[in-house]
Structure formats: structure tokens, C-alpha cells
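What follows is each chain in one-letter form.
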Amino acid sequence: MPAFCDIALPVPLDATFTYRMPDGNGLLANGVQPVIGGRVLVPFREQRLSGVVVALHDREPSVKTKLVLQVLDAAPVLDEGLMRLARWIAEYYLAPLGEVFRTMLPLAAEFRRARAYRITDAGHLALHQAGMAGSSARSRKEPGEQMLEVRVLDYLAERESAREPVLKSATHADTKILAGLVRKKWITREDLSSVGEACRTVKVAVLKATTKSCSETSRQPFNSSPPRELGSGSLRMTEGMLPPSPQREKAFCPGREPRVGDEKLDPSLGAAAHKTKLNANQQEILDTLKTMGGRMRVDTLRELPVPHTTLQTLVKRGLVEIVEEPADFSVSATKPRPSPFHFQFTSAQQNALEQIRTASASRKYVGFLLHGVTGSGKTAVYLTAMHAVLQAGRSAILLVPEIGLTPAVAADLHQIFGEQVAILHSGLTDRERAEQWHRIRRGDARMVVGTRSAVFAPVSDLALIIVDEEHDSSYKQEETPRYHARDVAVMRARMSGATVVLGSATPSLESYFNAQKHKYTLLELPDRVEQRPLPEVEILDMKEELRDTGHEQVISRRLAAEIGERLARREQVMVLLNRRGYAPVVLCRACGHTAQCANCAIALTHHKREHRLQCHYCGYMQAVPKVCEECGSDYVYFAGTGSEKLEELLHGMFPQARIGRLDRDTVRGRHDFERMLNQLSAGELDILVGTQMIAKGHDVHGVTLVGVVGADIALGLPDFRAAERTFQLLTQVAGRAGRGESPGKVVLQTCFPEHYAVQFAGAHNFRGFYDKELRYRSWMHYPPFNAVANVLVRGDKLDDVLKFSGLLGRWFEKTSHVGIRVLGPAAAPLTRLKRDYRYHFLLKSASREKLNALLRSMLAYAGEQKIPRNHLVVDVDAVWLM
Ligand SMILES: [Zn+2]
Ligand SMILES: [Zn+2]
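Residues numbered from 1 in each chain as written. Chains lettered and ligands numbered in written order. Predicted model: local features only at pLDDT ≥ 70, side-chain atom pairs only at ≥ 80, totals over all residues. Heavy atoms only, no water.

Description of the overall build of the protein chain
Piece 1. When its secondary structure is counted, the protein chain shows 28 helices and 33 strands.
Piece 2. By residue count, 56% of the 882 residues in the protein chain fall in the buried class.
Piece 3. Pairs at least 24 residues apart make up 76% of the contacts formed inside the protein chain by residues separated by at least 6 positions.
Piece 4. Surface summary for the protein chain: the accessible area is close to 39100 Å², and the carbon and sulfur share equals 51%. (Helix = DSSP H or I, 4+ residues; strand = E, 2+ residues; numbered from the N terminus. Buried < 20%, exposed > 50% of the residue type's maximum accessible area, 1.4 Å probe, protein only. Contact = heavy atoms within 4.5 Å. Areas by Shrake-Rupley, 256 points an atom, 1.4 Å probe, with all protein chains shown as cover.)

Thoughts on unusual backbone geometry
Piece 1. Of the consecutive residues Pro783 and Pro784, the connecting peptide bond is found in the cis state with omega at 5°.
Piece 2. Position of Pro784 among the secondary structure elements: in the loop between α26 (766–779) and β30 (787–795).
Piece 3. Geometrically, the link from Gly824 to Pro825 is a cis peptide bond, its omega value of 10° lying close to zero.
Piece 4. Looking at the element boundaries, Pro825 is found in strand β31 (residues 820–833).
Piece 5. With phi around 50°, Gln531 is a residue other than glycine that occupies positive phi space.
Piece 6. Looking at the secondary structure, you find Gln531 in the loop between β18 (521–525) and β19 (536–541).
Piece 7. The exposed category is assigned to Gln531, whose relative accessible area is 74%.
Piece 8. We note that His781 has phi near 60°; this positive angle belongs to a residue other than glycine.
Piece 9. Here His781 lies in the loop between α26 and β30.

Focus on the coordination of the zinc ion (ligand 2)
Ideal coordination angles are 109.5 degrees for a metal with four donors arranged tetrahedrally and 90 or 180 degrees for a metal with six donors arranged octahedrally.
Piece 1. Distances from the zinc ion (ligand 2) to its protein donors, Cys597 (SG), Cys600 (SG), Cys615 (SG) and Cys618 (SG), fall within 2.2 to 2.4 Å.
Piece 2. For the zinc ion (ligand 2), the four donor atoms in the first shell make angles of 99 to 116° at the metal, a pattern classed as tetrahedral.
Piece 3. In primary sequence terms, the donor set of the zinc ion (ligand 2) follows C-x2-C-x14-C-x2-C. Residue Cys600 is located in the loop between β21 (585–588) and β22 (605–607), and its partner Cys615 is located in the loop between β23 (612–614) and β24 (621–623); the two are separated by 15 residues in the primary sequence. Across the pair, Cys615 and Cys600 agree in class, each one buried. (Donors = N, O, S within 2.8 Å, 3.2 Å for Na, K, Ca; no water. Tetrahedral: all angles 85-135°; square planar, octahedral: opposite > 155°, others 65-115°.)

Some thoughts on the pairing of β30
Piece 1. Taken across its nine residues, β30 has eight buried, putting it largely inside the fold.
Piece 2. Alignment of β30 against strand β32 (residues 836–845), held across nine bridges, turns out to be antiparallel. Bridge assignment links Val788 to a residue of β32, and that residue is Lys844.
Piece 3. As paired elements, β30 and strand β33 (residues 872–876) share five bridges and run antiparallel to each other. The partner of Val793 across the bridge, within β33, is Leu872. (Pairing = 2+ DSSP bridges.)

Digging into the coordination of the zinc ion (ligand 1)
Piece 1. Here the zinc ion (ligand 1) is held by Cys588 (SG), Cys591 (SG), Cys628 (SG) and Cys631 (SG), and the distances to it run 2.2 to 2.4 Å.
Piece 2. Coordination geometry of the zinc ion (ligand 1): the four donor atoms subtend angles of 106 to 111° at the metal centre, consistent with an arrangement described as tetrahedral.
Piece 3. Here the donor residues of the zinc ion (ligand 1) are spaced in sequence according to C-x2-C-x36-C-x2-C.
Piece 4. You can call Cys628 buried: its relative accessible area is 6%.
Piece 5. Exposure remark for Cys631: the relative accessible area of 41% places this residue in the partly exposed category.

What about the pattern of salt bridges?
Piece 1. This model, assessed by the stated rule, comprises 46 salt bridges.
Piece 2. Linking Arg482 and Asp875 is a salt bridge whose minimum nitrogen-to-oxygen distance equals 3.5 Å. Taken together, the positions of Arg482 in the loop between β16 (462–468) and α18 (485–496) and Asp875 in strand β33 put the pair 393 residues apart, joining distant regions of the chain. Neither residue differs from the other here; Arg482 and Asp875 are each classed as buried.
Piece 3. Here Arg558 and Glu538 are joined by a salt bridge, their closest N and O atoms 3.4 Å apart. Highlighted residues: Arg558 in helix α21 (residues 557–568) and Glu538 in strand β19, separated in sequence by 20 residues. (Salt bridge = Lys/Arg side-chain N within 4 Å of Asp/Glu carboxyl O.)

Regarding helix α28 (residues 848–864)
Residues that lie three or four places apart on an α-helix share one face, since the helix turns once every 3.6 residues.
Piece 1. Its 17 residues give α28 an end-to-end C-alpha distance of 24 Å, which sits within 8% of 24 Å, the value for a rise of 1.5 Å per residue.
Piece 2. When we look at burial in α28, the residues that qualify are Leu851, Asn852, Leu854, Leu855, Met858, Leu859, Tyr861 and Ala862.
Piece 3. Buried positions along α28 lie against α1 (80–92), β30, α27 (798–814), β31, β32 and β33.
Piece 4. Where α28 terminates, the next one or two residues include Lys866, which has phi positive at roughly 60°. (Expected span 1.5 Å × (residues − 1).)

Quick notes on the sheet that holds strand β5 (residues 70–71)
Piece 1. Here we have five strands laid out as an open sheet, ordered β2-β1-β4-β3-β5, and antiparallel in their pairing. The sheet is open, and its two edges are formed by β2 (17–20) and β5, each paired on a single side.

Comments concerning the packing of aromatic side chains
Piece 1. Applying the stated rule across the entire model yields 17 aromatic pairs.
Piece 2. Aromatic side chains Phe720 and Tyr782 sit 4.1 Å apart centroid to centroid with 10° between the ring planes, which places their arrangement in the stacked category. With a gap of 62 residues between them, Phe720 in the loop between β28 (703–708) and α24 (722–734) and Tyr782 in the loop between α26 and β30 connect regions that are remote in the sequence.
Piece 3. Arranged with centres 5.4 Å apart and planes meeting at 65°, the rings of Trp811 and Phe812 form a pair that is edge-to-face. For the pair formed by Trp811 and Phe812, the shared burial category is buried.
Piece 4. Site record: aromatic cluster; members linked through ring pairs are Tyr512, Phe727, Tyr756, Phe766, Phe769 and Tyr770. (Phe/Tyr/Trp six-rings, centres within 6.5 Å; stacked < 30°, edge-to-face > 60°.)

Observations concerning the sheet that holds β33
Piece 1. As summarised here, the arrangement of the four strands in space is β31-β32-β30-β33, forming an open sheet in which the pairing is antiparallel. Each edge of the open sheet is held by one strand with a lone partner, namely β31 and β33. In this sheet, neighbouring strand axes are inclined to one another by 20° on average, regardless of whether the strands run parallel or antiparallel.
Piece 2. Bridge count for β31 against β32 is eight bridges, and the pairing is antiparallel. Along β32, the bridge assignment pairs Ala827 with Tyr839. (Axes fitted to C-alpha atoms, helices over the stretch in contact; angles between N-to-C directions.)

Notes on the environment of Lys519
Piece 1. Within the secondary structure, Lys519 sits in the loop between α19 (509–516) and β18.
Piece 2. In this structure Lys519 touches Tyr365 and Asn514, once residues within four positions along its chain are discounted.

Structure follows, in C-alpha cells:
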């Protein structure tokens, strides 16, 4: 056995660390040998960390080495392909390899003795009150215990949970502070136990068929029923072509799987049971189950006004079965949608599907860009292509943006792929995530659907990766490693000889440019399904509206009239205003002072219902001032309009209308989001108001009018992607109109009616926008012509930030960097964020190699100058330049 091993540890240092192996195998529990790609536990400073073995060797390092404490894996957890991908990410994004591995391996739950903290409701309240007390009461000068407590609460309020070492280094709180917070019940501590513990399950009631016999089609095993040629002729995917989900088999083929208590499953017994008359309560449960597609969560069923014992009686009588399944697979409480595969493919869809299927069967790398207008049926193409991959016994990954994975979508996927699908989303706990990871790794789940990090799913024999809504900025991780999941997907497909499909109605400039350069094959779906027309767009100049009416309008007369018409016809309306809260500016009319966040250089937003001012960047809150903080006058004025105020205005204008609002204030969990959309689908809402959340991928057929208010907020931002983002948002939200029988209309209110992003979105002209924007990018040396990197210098002391950015600025000046433009140092557009002052450099180069080489030497110089690594953020291919 080699004497040493090199370990990549999850620490912000660009290095691997050499450890000594114990002599013989004596010290290693269970005598397991370390393997490359497996994890070991090692001492690091004051902690014990788990890292991944990257090399085994006999070269004795010059410094004294410590001993490996424990070998965690007998076999690699990362195969060769994923190790290669990790190295590429570390190289490309200048990220420490250990941090890349940490992102790839969602196995935090497996570390023994690891502790994680979560904020409680009481903690949220305490944080809120700390905010209410205001910045003056909470002394800013004295970083005492209270300040540290607030920092911990702040940090935890923004995430599901945090592990102890991470929390400590992010907040500088020590064990004593954390223990104090636990005593106050403001946070909870959990000891993450070892793997193998059962994952969370839910009980589901399944209606047993008593008279219906198994149909031949549903009895066939999944792999042996190839659908008729998917590409030829018009295809109608029917129930029988779908894989029988295990649940359905349980429901309709009770005799198939022998199990304990099998005699109860005898179909004749069911018939016998029917002879006894059911009482009203029992009948109600059976009817409810029937309308819900034969299955329902037991806890949901218990909400029916019948005694709990009724369900038990039905189980005893063999009419209902209770099964346990993993919580994330639970079918949502809403009505299952009709078979998602019930449609006819257009010839464009068929062509796209045929090409994707041929490519993914070829075992060679092929890249596609699927550009399909809104409502053109991209999802159907994705799912059918994945279905073909599953039938070939291989694996596929479908990436979706963060907001795209509602429980209803999960239910659909489960219906299509049965237990072969693993769904990874941000709502999973560490333990559930680990459990899913192992299912995928074992090969139990070969269809993986998930957000950003699902690109690292440990599938074997990968045939296809699909990136839905590839332009979506949630694919970029805004913490180390700052990877872009779309680009990683392309690289992974390249390395594993797989096919990658990037799909969007509004492709990013980069992806479309690559398609033009034949790096990807362009597939186009130029028409909506069933020949539905794209909505008519009317652009309204709000400057004219101001001239005509004499005062600023939030909702123009035209939009109001259109809404009124739709309501009279009992059609539905969506109104987009991409800014939440009630009023975005709190202004003193006597002295001009605006209320600012204590931690950020950001105006606080007034939230009327919650009676507070809030920072949308760090969550800081304070009470609504009655008088100006600065001059004491009571001319405090709430200016501008957010979605909360828009909702109120619409209530005033249309008192009869049922109005819902969708933004981060009304949507706290995934279920809120889905509930609102279900209400809209079911016709229980007339108007849905919201931020960009309403623009994303929903297919609600009753919406015939989309109003866009304040469409141009983003155009004013100092970010070169502002026009592109505006075009994408407008096109996507317009795409929500007219997806059903009746044609749609869009009323687009703007102060910049002549801006090309607005004009081309109004004309549904992606190509026109692309050509114009591309020229601008070329003049300005921006992507896709140049690679950009943002180097951010940050810290809570302004002096440090100025000193460090000055050092780096002088270094850039005297270091030759031919072919690289360096802008800065300059104050970042957000000069202060979450208590950190921020300066930045923007680097642009046509040569990525040169750019990365320069960044690497800059990091080395920063190390020599003892600039702490956490004061420097290097963001390659930065998406967010604020
Ligand atoms: Zn004032
Ligand atoms: Zn803030």
C-alpha cells in the first residue's frame, strides 16, 4: 500500500493536502483501503474534514504530515468520468477542487458527528424584531454577542440548514454563541446520522380494483413494449404505451407481486366485499379516491369530514391498500393531470425528436439547440426522447430551472417513468438528497430530473442530457464553485459521448451564437401546437399616457379596458410587475432622504401588509418610520409600485374579480406556488398578479390577456445583459397568453417603446433581437465574442477593500496582459451588500486560456500579499455583474 495520499478538502484554498497512511491496516477501522475517488476523514486545523482521495503515492513531502483518521468508502464514490469533470470545473472556474467535489457529492448527511443548524420560527421572529429595533438600537459599532447572534440568524434565514464549520466560518460565531441560540430555541441543532437510515416516507391510500382485470398492455414489462416508431406518421402516445407505474400495477394487478397478506388480494374477495353494502362515509372515501385517480396521501384523505376509522375499515375489507413511499415521490394532493403524453406531434416536433433519438443512440457527442416558440411543445419532445433512452437501458438527465419543478410536474414524471425516476430539488433535506444520490448510483433510477446540481448525478451509461430553459440564470451558481450548469452539461456530454439538448424559446446569445457557428445543431419549432397563434402584442407608451391624463398611471386606460373585457367574458388575466413589495422607495419630501438598508447600499422596500421595510438583498427589516430618520419631518412618502400595491390597485378597479398574487412574499414553499397555479387552472382566480415567477413555463389554458407593467425596470440596470434579460422576460410572459382555445393578447406598458428589446419581443422576433444585440456585444467586446471574468474584492472594512483592490490594480498595471482588457478597480454597482463593501475588476478576452492564466497569476500574487482568499471572488463567465 502506498504510504501517502493527496486529498482534496472542501476549504477555500487552491491546493490538495498530503496525508500519511497508517502503517499496516491496523488503524483503519474495518481494514478498508483508501481508493482514488473515495472519501477519507482527516484532521485539518481544528476540525475533522472529509475529503476525496485524488492520488496515492510514496513521495514523502518536505513538511510533516498528519495521519488519515478513517476511510469512508471502500469503492470510489466518484467514477473516472466525474473526477475528470471535477478537474475541468476546478480549472475552468478557478475553484478549489475540494469545493467542486463537495458540490458534486450531496452526501453531507453521511458524515458522522457532523452537526447542522436550522432557524426556527421563533428565530425568524427574533430576527425580525432585531430588524424592527432599527439600526440605531442595534449598535453597529460593537460586534458583541448580539451582533453575532443576528449574523447567525441572518445566515440561516437564507437557507435550509448549515453545517457547523460552514456556519462558524461564515458568521465568526463560536460554539458558545451557537449553544446560546439553541437554548433560546431560535435555532435547532441536529446531529446528522450515518447513511442507511430510512428516508422519510409518506403513507398513500391506493384504491384496489375489484372487478377490473389487468389489461394486456399494462401487464407487459416496461422494456419489452417498444412504442411504434415514434417518428413515423402521427403519433398518439396512449396509456398502454406508458410504462405501468408500480403504483398502477399495485392498483390494477393485485395478483402480480406476491406479498405478505396476499390472500387479501384475491380479486374474488373484492367482489364478495361489494356484496356488503357500504355506508355513506365509506362510499365518500372510495369516491374521492376514484376521482383522484385511485391514489391519495393518507394525511390528505384524513381532511375529509369522516371518522378516521372508516379508512381502516376499508383496508380491512380489502378495498383500499395503504402503501409507504419516499416522501419526494408522493403524488401531489391535487388532481393528477390527464396523461401528459396525449397529443399529436407536429412535423417539426417529429423531426427534432428523430434527430435527438438518432444522436443519443450513436454513443457519440452531439449538441443540439432546440429553439421552440412558447407553446410549441418542447417538453413533449424531451420526455419522449428520455423515454427512448430508458427503453434502450441507458440513462438521461433533465435539468430544469429552480421554479420549474412543482409537485405536479413530479407527479407527471413519476407517472411516466415509474420508479426509474429520481427527482432532485431544493426542498430535499440532506438525508433525502443522499438517499436519491445512492438510488441513482446503484442504477435504480436512470431518469434524473432536477435543478442545477443534478448535472452531477452519478448515472452510468449516460445517453442524453437536456437543459430546459437553458437561458435561465438559476443555472449559474452564485457561490464557489461558480459553475454554469448548462456549460457543465455540455462538457459532461462531450466527455461521456452523450447527446446534449439545450432548449428555450429565448436562447441565450451564447448558445444561439454557438449554433450559428455549428457548434450545436439548431432544431427549430417555429409554431405553437395545434396551429394556435402567438398572441398579438400591443406596446403602450406610458409617456403619452402621462401627457394625456396629467399624472402617472400604473395601469393604463387601455390595459384597464382590456382587463374589463376579459373579466366580462369570464376569461383570465395575468399582470406582470417584476418588483415585489408595496412601494420600492421610502422618501422624505422635506429633506430627500431615502430609507436604506443597514447592511447594503440598497433602498428599503415598503411591505404594507407586514408593516415593515425590507431589504430584498439581505432580508434586513425595520419598522415603518412615522417621521423621517434624518430630519424628523413627517412628510414620509412611499414612492413607486410593487406587486403588492398592484394587487391592491386592481382590487380597487375590479372589486368583483378574484385576484391572486405570485411572488416571493406569497410563495414560501413549492406547495404555495402550485396551489396558486392550480387555482388559476381551475378557474378560481380571474387575475393573477406577480413577478417573473408568473412568466416561467406554466401552461394555463384560460389566460387570454397578459398585461406587463413596468417592463423596463431592468433596462436601466448597469449590466450588459439587461437588454437580453428584458427581451427574455417579455417573450416568456407573453407566451403565457392564448395557450388554450381562445387567442391571446399582450398589453406591454413601457417608457421605452422604441427600445429594441421591447420592439422585438412585441414582434415575437428572436432573430431580429439576436442580430441587433450581437452587434452591440461585438462593439463592446462582450460575450459571446469575449470571455468575461468579474473579480470582486469584498470585506466588511472599507479600508481593507480599498487597500486590496489598490494592490491588485497596481499589479494588473505592471503585469503584461496582451489580449486582455482589464477594467477597474471601480466600486461595484452595488457598493455595499450584506455588510460587505465591494470593488471590482472586469476582465475581457477573446482568449480564455490567456484570461485564466492571468487570473491564476493574480490569485498567486494575492496569496503572496496575504489577501485573505474569502475577500476575493473570481467569477468566470459572470452572469450577474452587480
Ligand atoms: Zn427628512
Ligand atoms: Zn440589505
